[in-house]
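What follows is each chain in one-letter form.
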Amino acid sequence: STGMRNSSITALQALAFMNNEFVNTQADQFAVRVGMAYDDNPSRIRYAYQLALGRLPSPAEISEGVNYLAKARAALKESDVPAERQPRSALASYLHVLMASDEFLFVD
């Protein structure tokens, strides 16, 4: 027998977190807060990083975030999501990814 079990994060745990309804709801509410605070995506990304990770994003992270949001909006145009809801859904999707990052989940 073992007196102490090593902790690990498996792919199933990560998937359960990503697909959890509570996490989806929190990402959507986070999108409302970030979306109402700023009008442009780079500022939204900076604000989201400050709130979620306690730091500013690098220029590369801002660029990746802006690209992600553009692709998400383009994909949503072909979906059943109403047009007025698409910007919020794209931002919620991005923030969901941010919330699922190791940096958000674990404190160094």
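Structural data are supplied above this passage.
Here's a quick rundown of the structure. Everything numeric here is computed off the predicted structure, so don't read it as measured data.

What counts, and at which threshold
Residues numbered from 1 in each chain as written. Predicted model: local features only at pLDDT ≥ 70, side-chain atom pairs only at ≥ 80, totals over all residues. Heavy atoms only, no water. Helix = DSSP H or I, 4+ residues; strand = E, 2+ residues; numbered from the N terminus. Buried < 20%, exposed > 50% of the residue type's maximum accessible area, 1.4 Å probe, protein only. Contact = heavy atoms within 4.5 Å. Areas by Shrake-Rupley, 256 points an atom, 1.4 Å probe, with all protein chains shown as cover. Patch = residues over 30% accessible without salt bridge, like charges linked within 9 Å, V, L, I, M, F, W, Y side chains within 5 Å. Salt bridge = Lys/Arg side-chain N within 4 Å of Asp/Glu carboxyl O. 1 Å grid on protein atoms, 1.4 Å probe; cavity = no way out; pocket = protein on both sides within 12 Å on 5 of 7 lines; lining within 4 Å. Points joined across faces, edges and corners; volume = space filled by probe spheres on them. Nonpolar A, V, L, I, M, F, W, Y, C, P; charged D, E, K, R; others polar.

1. Side note on the overall build of the protein chain
Then, in step 1: Helices and strands together make up the secondary structure of the protein chain, namely 6 helices and 0 strands.
Then, in step 2: Ordered by position from the N terminus, the helices and strands of the protein chain form the series α-α-α-α-α-α.
Then, in step 3: Split into buried and exposed, the 108 residues of the protein chain put 31% on the buried side.
Then, in step 4: Intrachain contacts of the protein chain at a sequence separation of at least 6 include 56% that bridge at least 24 residues.
Then, in step 5: Per element, the accessible surface of the protein chain, about 7,500 Å² overall, is 55% carbon and sulfur.

2. Details of a nonpolar patch on the surface
Then, in step 1: Where nonpolar side chains cluster on the molecular surface, the patch consists of Phe 104, Leu 105 and Phe 106 and spans about 260 Å² of accessible area.
Then, in step 2: Relative to the assigned elements, Phe 106 resides in the segment after helix 6 (102-105).
Then, in step 3: By relative accessible area, which is 42% here, Phe 106 ends up partly exposed.

3. Regarding the environment of Asp 28
Then, in step 1: Tracing the backbone shows Asp 28 in helix 2 (residues 21-37).
Then, in step 2: For Asp 28, a relative accessible area of 13% gives the class buried.
Then, in step 3: Distance in space between the C-alpha atoms of Asp 28 and Ser 89 is 7.3 Å, their sequence separation being 61 residues.
Then, in step 4: If we skip the residues at most four places from it in the chain, Asp 28 touches Arg 85, Arg 88 and Ala 92.

4. Details of the layout of surface pockets
Then, in step 1: By volume, the largest pocket amounts to about 160 Å³.
Then, in step 2: Taken together, Tyr 49, Leu 53, Arg 55, Glu 61, Glu 64, Gly 65, Tyr 68, Tyr 94, Val 97, Leu 98, Ser 101 and Glu 103 make up the lining of the largest pocket.
Then, in step 3: With 4 residues, the single largest contributor to the lining of the largest pocket is helix 4 (residues 59-76).
Then, in step 4: Grouping the constituent residues of the lining of the largest pocket by class yields 6 nonpolar, 2 polar and 4 charged.

Fair warning: the whole summary comes from geometry, so function is off the table for now.
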